[in-house]
Amino acid sequence: MSLDFLKRDNELKNHALMENQHLGTSAPSVIYEKRPVLDPAGKPVDDLYSAWITLNNPAQYNSYTTEMVKGVIEAFQKASSDRSIVAAVFTAVGEKAWCSGGNTAEYASYYSRRPTEYGDYIDLFIGMVDGILNCKKPVICRVNGMRVAGGQEIGMATDITISSDMAVYGQAGPKHGSAPVGGSTDFLPWFLSMEDAIYNCVSCELWSAYKMKYKGMISKVLPVLKKNGEWIPNPKVRTDTWAEHGQIVYGEMVQGAALEEAEALIAQCKVDFELLDKEVNALIWRFTNLFPNCLMNSIDAIRGKKKFFWDQQKVAQRHWLAANMNNEAWLGFNAFESRKLTGKDTVDFVKYRQLLAKGAQIDEHFAEQVIAAPR
Ligand SMILES: CC(C)(COP(=O)(O)OP(=O)(O)OC[C@H]1O[C@@H](n2cnc3c(N)ncnc32)[C@H](O)[C@@H]1OP(=O)(O)O)[C@@H](O)C(=O)NCCC(=O)NCCSC(=O)C1=CCCCC1=O
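Residues numbered from 1 in each chain as written. Predicted model: local features only at pLDDT ≥ 70, side-chain atom pairs only at ≥ 80, totals over all residues. Heavy atoms only, no water.

- As named in an unreviewed UniProt entry, the protein is 6-oxocyclohex-1-ene-1-carbonyl-CoA hydratase, taken from Aromatoleum toluolicum.

This is the structure we're talking about:
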């Protein structure tokens, strides 16, 4: 039986919400590019692309400004709704940082003591994490440098991480005035053991990519340093042996004279992301050769476990984060941002606790006592 009598509309619809409203090319911005899928011989495949979403604020370690948060939301919606995109690659400009979280300059000078404004900002931040978790393309985190604080939160919202071996991972909030409740407290216990999740979350220690690989948080670690044409594993990290004196040393940072030697060696090397990009392209090619709907349903089914705790917590935490802008965030981010004037990048924690122990009122006088004065 012919179905010719059923009306069909065959004009393709555009499901993108925005047309490059929050995207750009000059820093600070989020860059959006479509790059052809490459076959294993490196030949571009017709009509199929990956979406490269690049945080572009290298001078501030690719921290995201308010406008950049909007850019990430726009970029992931665009990648999600573009039928020619196979996968999204979330990366950043430069070789130092992938992302160091929220922009502390904005936090200190604008959002502190404006909790309602920060609440509106966190609504956008939540939109950014949800945008990554809801993208209907696999999201690869191509980590070109440190992934810290809110950077770690949005990084863990992605599906698979491929990392430079110069990258380090961790949190900064408890030191500078925030709690990593923009995803890390929800995601870390899935990636690490509960013990490691808590330790990594609150210690503000930065762990090497090699350590995070063996802990199971990331998929691949590739060297990026090249000396005289030879690849050199990050010399700041122990990769020569697994254990010494009964302790695991693999993935730990070298110290003292060994650190000085490592820094001297790094100064003689060039940074080259060739191996990192080969791995990213190989992963995109693997995705290309899978059924797209089976692939996305599999990924979404696993994402659901990450979303479970994130969705339960995000609204309540939005209100706490907003209120905290009148409190520890006000003190901590201002201490960090004035460090060049004062010589100290954190509050005086002992004094802070002593004042709390006396039941002191949090006011300007309190702040004067815990934030170092300009030298
Ligand atoms: C550990 C650091 C990320 C890196 O330390 P180091 O390697 O010693 O480099 P620095 O000299 O400190 O930094 C180089 C320059 O980059 C600027 N920078 C770094 N991070 C930021 C940032 N997040 N915002 C703005 N600018 C940044 C730094 O000022 C230097 O500039 P200069 O002009 O002096 O060359 C260390 O930098 C660090 O700890 N940074 C702060 C990290 C942080 O606190 N991030 C925010 C945490 S809170 C957050 O992200 C949240 C997200 C949403 C939910 C709630 C929330 O709290």
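1. A short note on the sheet that holds strand S15 (residues 270-271)
Working step 1: Spatial ordering of the open sheet is given by S12-S11-S15, a layout of three strands whose pairing is antiparallel. For this open sheet the edge positions go to strand S12 (230-232) and S15, each flanked by a neighbour on one side alone. (Pairing = 2+ DSSP bridges. Helix = DSSP H or I, 4+ residues; strand = E, 2+ residues; numbered from the N terminus.)

2. Observations concerning the pairing of strand S3 (residues 85-92)
Every regular strand shows the same layout, with side chains that alternate between the two sheet faces.
Working step 1: Of all eight residues that make up S3, eight are buried, and the element is covered over most of its length.
Working step 2: Following the chain from strand S2 (residues 44-56) across helix H1 (residues 66-81) to the adjacent parallel S3, one finds a crossover that is right-handed.
Working step 3: Looking at chain direction, S3 and strand S5 (residues 139-143) are connected through three bridges and run parallel. Bridging across to S5, Phe90 finds its partner in Cys141. (Buried < 20%, exposed > 50% of the residue type's maximum accessible area, 1.4 Å probe, protein only. Right-handed = clockwise from strand over helix to strand, strands pointing away.)

3. Brief notes about the state of the cysteines
Working step 1: A full pass over the atoms with the stated rule returns zero disulfides.
Working step 2: The thiol of Cys294 is unpaired, and the distance to the nearest cysteine sulfur, on Cys135, comes to 18 Å.
Working step 3: The exposure class of Cys294 is exposed, given its relative accessible area of 52%. (Disulfide = S-S within 2.5 Å.)

4. Some remarks on the packing of helix H6 (residues 184-191) against helix H11 (residues 292-324)
Working step 1: Closest axis-to-axis distance for the H6/H11 pair is 8 Å, and the angle between their directions is 155°. Between H6 and H11, the crossing angle belongs to the class labelled roughly antiparallel. Both H6 and H11 take part in a crossing whose hand is right-handed. Taking contact as the criterion, the partners of Asp186, Phe187, Trp190 and Phe191 in H6 are, on H11, Lys305, Lys306, Phe309, Trp310 and Gln313.
Working step 2: Here the residues of the contact of H6 with H11 sort into five nonpolar, one polar and three charged. (Axes fitted to C-alpha atoms, helices over the stretch in contact; angles between N-to-C directions. Parallel < 35°, antiparallel > 145°, perpendicular 65-115°, else oblique. Left-handed = near helix turned anticlockwise from the far one by under 90°. Contact = heavy atoms within 4.5 Å. Nonpolar A, V, L, I, M, F, W, Y, C, P; charged D, E, K, R; others polar.)

5. Some points on the confidence of the model for the protein
Should the pLDDT be low somewhere, the predicted coordinates at that spot are not to be read in detail.
Working step 1: On average, residues of the protein score 98 in pLDDT, and 100% of them reach the 70 mark or higher.
Working step 2: Overall fold confidence (pTM) sits at 0.98, and the ipTM for the predicted complex is 0.99. (pLDDT = per-residue confidence, 0-100.)

6. Considering the site of the ligand
Working step 1: Around the ligand lies a shell of 26 residues, among which Ser100, Gly102, Thr104, Ser178 and Lys340 are the nearest.
Working step 2: Between His176 and the ligand, the recorded distance is 3.2 Å, taken from a side-chain N or O atom to an oxygen atom.
Working step 3: In the complex, 77% of the free accessible area of the ligand, which totals 1,000 Å², lies under the protein chains.
Working step 4: Elements with a minimum of two residues in the shell around the ligand: helix H2 (104-111), helix H3 (115-133), helix H4 (150-157), helix H12 (328-337) and helix H13 (339-342).
Working step 5: Ranked by the residues each element gives to the shell around the ligand, the list is headed by H3, at three residues.
Working step 6: Along the lines of polarity and charge, the residues of the shell around the ligand split into 13 nonpolar, ten polar and three charged. (Near = heavy atom within 4 Å. Polar contact = N/O pair within 3.5 Å; in protein donor to acceptor, adjacent residues only side chain to side chain. Areas by Shrake-Rupley, 256 points an atom, 1.4 Å probe, with all protein chains shown as cover.)

7. Comments concerning the domain arrangement of the protein
Working step 1: For the protein, the assigned domains are domain 1 (29-224 + 273-324), domain 2 (236-269) and domain 3 (342-375).
Working step 2: Summarising the inter-unit geometry, the C-alpha centres of domain 1 and domain 2 are found 27 Å apart.
Working step 3: With eight residues of domain 1 at the contact, the number on the domain 2 side is nine residues.
Working step 4: Buried area between domain 1 and domain 2, both sides added, is near 660 Å², and the carbon and sulfur share of it is 72%.
Working step 5: Here domain 1 and domain 2 share one salt bridge between them. (Domains from an automatic or database assignment. Buried area = accessible area lost by both parts, 1.4 Å probe. Salt bridge = Lys/Arg side-chain N within 4 Å of Asp/Glu carboxyl O.)

8. Looking at the packing of aromatic side chains
Working step 1: Scanning all chains against the criterion turns up 20 aromatic pairs.
Working step 2: Arranged with centres 5.6 Å apart and planes meeting at 85°, the rings of Tyr107 and Tyr121 form a pair that is edge-to-face. In this pair, Tyr107 is assigned in helix H2 and Tyr121 in helix H3, connecting sequence segments 14 residues apart.
Working step 3: An aromatic cluster is built from Tyr107, Tyr110, Tyr111, Tyr118, Tyr121 and Phe333, whose rings are joined through pairwise contacts. (Phe/Tyr/Trp six-rings, centres within 6.5 Å; stacked < 30°, edge-to-face > 60°.)

9. Describing unusual backbone geometry
Working step 1: Following Ala27, the chain continues to Pro28 via a peptide bond in cis, the omega torsion being -5°.
Working step 2: Tracing the sequence through the fold places Pro28 in the segment before strand S1 (29-38).
Working step 3: At Cys204, a residue that is not glycine, the phi angle is positive and equals roughly 60°.
Working step 4: When you line up the elements, Cys204 lands in the loop between helix H7 (194-203) and strand S9 (207-208).
Working step 5: Cys204 gets classed as buried once you look at its relative accessible area, which sits at 15%.

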